[in-house]
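What follows is the residue order along each chain.
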Amino acid sequence: MVSRPRHNFSRKPNLADVTAAGHDMLRLVNRRILLSILSDRQPISRAEIAKISGLNKATISTITGELLKDSCIVEEGSGRTTPIGGKPPTPLRLNGKRFGLFGVDIRADETIVALCDFNNRIVARISFETGSDPVVFLSKIGKEIRKLRTKYDSFIEFPGIGVSLPGLVDNHTGKFLLSVVLPWRDVPVVQLLEKATNLPVIIDNSARCSALAEIWHGKAQYAHVRNLLYVSVSTGLACGMVIDGGLYRGGNNTAGQFGHIPIDINGNDCRCGQRGCWDLYASDKATLKRYLELRVTNGRRVTTMRKLVELVEAGDAAATEAVRETARYLGIGITGLINGLDPEVVVIGGEITKLWGLIEPIIVEQTKRNLLAPRSHVIAIRPSAFEVRPSLKGALTLIQNSLLSVPHMG
Ligand SMILES: [Zn+2]
């Protein structure tokens, strides 16, 4: 029998920016693995952590000792005894008060600022009308965050602010580049917000933030997937890709704009310069336009997806047909993406998912017809199911990810 190594390494080392496996790096990685296990399974004993991580008990004991000392974790109910007199294993938990994480979800109409604890519980949430002048607006957001820091001073540390933005975002330079829904252009969001708050800021595009939130906090049945595609259906269409547990951002940090893959070369002109882009058929804008074309002349004027969803729920035939047609086009685009990317799960987010019972069979039917992979039937297509907006959850997850993620070694 061939003896195979347990690890299946596949990455070429990054020689331009080497991350060598020195002692400090190993310590950091093991700490983060432990914290992630705790975040996922708490309360959990040291013995169970050893079983999951494969680390020996002495190493677990050393690391948990350090984490207790740093107030990152707490022991639960210590001092109890079992009926036969032995000492039961002491379950460990993350200390919610260790970190206060800020998330800012900027949308064209409304911006939400939220503060959550290390256990992902939102402790404060404020909303504002999004301002047209980014410098003035971000200064105001900074002021609100400073106020929240003062009010919630029982947190030991505020490690940073995650910001979700609608449009092209260069996470590397910290700039918001452009968007069709928000009239901001080339805004140095990181620089402005760091100056206003004195806290580290991480920004990303809302579809990518949402994808990140799904792998950290998605439903239990797919919380452990490594490859996930998030399709954000909003005014436009944008996607976020998680590949092998990390966000795929691309060579120029703008990956995910699958909305601009043409699905009809004879279709209408798109703002990107091409014709018949997927965005023109499956976005909320497309659904609203279709409804206007289908509705009877005395129908109600509808300008938001929220209103259109209400009409479908009330049994409006034209609204229902407009949404059904969008579902078909979502299925067409998603089929292509599944064929190309082979994700384990496709998660769809946006107002339209409130009509999941209507759109799911149409999307699934469409994908089943054209998928290449023989195991296609196991690919799950699910609605995002966060109580808070997925992109807000994603903004908060940007900071959590920065505290718990592990590096690509080499
Ligand atoms: Zn286009």
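Residues numbered from 1 in each chain as written. Predicted model: local features only at pLDDT ≥ 70, side-chain atom pairs only at ≥ 80, totals over all residues. Heavy atoms only, no water.

### Some remarks on the coordination of the zinc ion
- Coordination of the zinc ion by the protein involves His260 (ND1), Cys270 (SG), Cys272 (SG) and Cys277 (SG), with metal-donor separations of 2.0 to 2.3 Å.
- Considering all 4 donor atoms around the zinc ion, the spread of angles at the metal, 104 to 120°, places the coordination shape in the tetrahedral class.
- Taken in sequence order, the residues that donate to the zinc ion follow the motif H-x9-C-x1-C-x4-C. (Donors = N, O, S within 2.8 Å, 3.2 Å for Na, K, Ca; no water. Tetrahedral: all angles 85-135°; square planar, octahedral: opposite > 155°, others 65-115°.)

### Quick word on unusual backbone geometry
- The amide bond that connects Gln42 to the next residue, Pro43, takes the cis arrangement and shows omega of 0°.
- Tracing the chain through its elements places Pro43 in the loop between helix H1 (23-41) and helix H2 (46-53).
- At Asp186, a residue that is not glycine, the phi angle is positive and equals roughly 45°.
- Here Asp186 shows up in the loop between strand S8 (175-178) and helix H5 (189-197).
- Since its relative accessible area comes to 47%, Asp186 is described here as partly exposed.
- You will see that Asn253, though not glycine, has its phi angle at about 70°, which is positive.
- When you line up the elements, Asn253 lands in the loop between strand S12 (246-247) and helix H7 (279-282). (Helix = DSSP H or I, 4+ residues; strand = E, 2+ residues; numbered from the N terminus. Buried < 20%, exposed > 50% of the residue type's maximum accessible area, 1.4 Å probe, protein only.)

### Notes on the side chain of Glu144
- Note on placement: Glu144 falls in helix H4 (residues 134-151).
- Discounting chain neighbours no more than four positions away, the residues touching Glu144 are Ile126 and Phe128. (Contact = heavy atoms within 4.5 Å.)

### Quick word on the sheet that holds strand S13 (residues 345-349)
- Reading across the sheet, the 5 strands line up as S12-S11-S10-S13-S14 and stay open at both edges, with mixed pairing between neighbours. Every interior strand has two partners, whereas the edge strands, S12 and strand S14 (380-383), have only one.
- The sheet strands contacting helix H10 (residues 317-341) are strand S10 (228-233), strand S11 (237-243), S13 and S14, and the helix crosses S10 at an angle near 155°. (Pairing = 2+ DSSP bridges. Axes fitted to C-alpha atoms, helices over the stretch in contact; angles between N-to-C directions.)

### Overview of the layout of surface pockets
- Estimates place the volume of the second largest pocket at around 1500 Å³.
- Lining of the second largest pocket is provided by 50 residues; of these, Arg107, Val233, Ser234, Thr235 and Asp284 occupy positions nearest its centre.
- Elements that contribute at least two residues to the lining of the second largest pocket include exactly strand S3 (99-106), helix H6 (206-217), S10, S11, helix H8 (284-294), helix H9 (305-313) and helix H12 (390-404).
- Its residues placed into classes, the lining of the second largest pocket shows 18 nonpolar, 18 polar and 14 charged. (1 Å grid on protein atoms, 1.4 Å probe; cavity = no way out; pocket = protein on both sides within 12 Å on 5 of 7 lines; lining within 4 Å. Points joined across faces, edges and corners; volume = space filled by probe spheres on them. Nonpolar A, V, L, I, M, F, W, Y, C, P; charged D, E, K, R; others polar.)

### Here's the deal with the packing of aromatic side chains
- Under the definition given, this model contains 6 aromatic pairs.
- With a centroid separation of 6.1 Å and 85° between ring planes, the pair formed by Phe176 and Trp184 is classed as edge-to-face. For the residue pair Phe176 and Trp184, the accessibility class agrees, reading buried in each case.
- The ring of Phe99 has Arg98 lying over it, and the distance from NZ or CZ to the ring centre is 4.5 Å. (Phe/Tyr/Trp six-rings, centres within 6.5 Å; stacked < 30°, edge-to-face > 60°. Lys NZ or Arg CZ within 6 Å of the ring centre and 35° of its normal.)

### Considerations on the sheet that holds strand S6 (residues 157-165)
- Spatially, S5-S4-S3-S6-S9 is the arrangement adopted by the 5 strands of the open sheet, whose pairing is mixed. With partners counted over all chains shown, the strands left at the sheet margins are strand S5 (122-129) and strand S9 (201-205), one partner each. Between one strand and the next, the sheet's axes are offset by a mean angle of 15°, whatever the strand orientation.
- Bridge count for S3 against strand S4 (residues 110-116) is 6 bridges, and the pairing is antiparallel.

### What to know about the pattern of salt bridges
- Under the counting rule described, the total for this entry stands at 24 salt bridges.
- Asp105 serves as the salt-bridge partner of Arg389, at 2.8 Å between the closest nitrogen and oxygen. Taken together, the residues span a long stretch of sequence, with Arg389 in the loop between S14 and H12 and Asp105 in strand S3 at a distance of 284 residues.
- In this structure Arg389 comes out as buried when scored by relative accessible area, which is 16%.
- Using a relative accessible area of 0% as the deciding quantity, one classes Asp105 as buried.
- The salt bridge partner of Glu144 is Lys147, with a shortest N-O separation of 3.5 Å. (Salt bridge = Lys/Arg side-chain N within 4 Å of Asp/Glu carboxyl O.)

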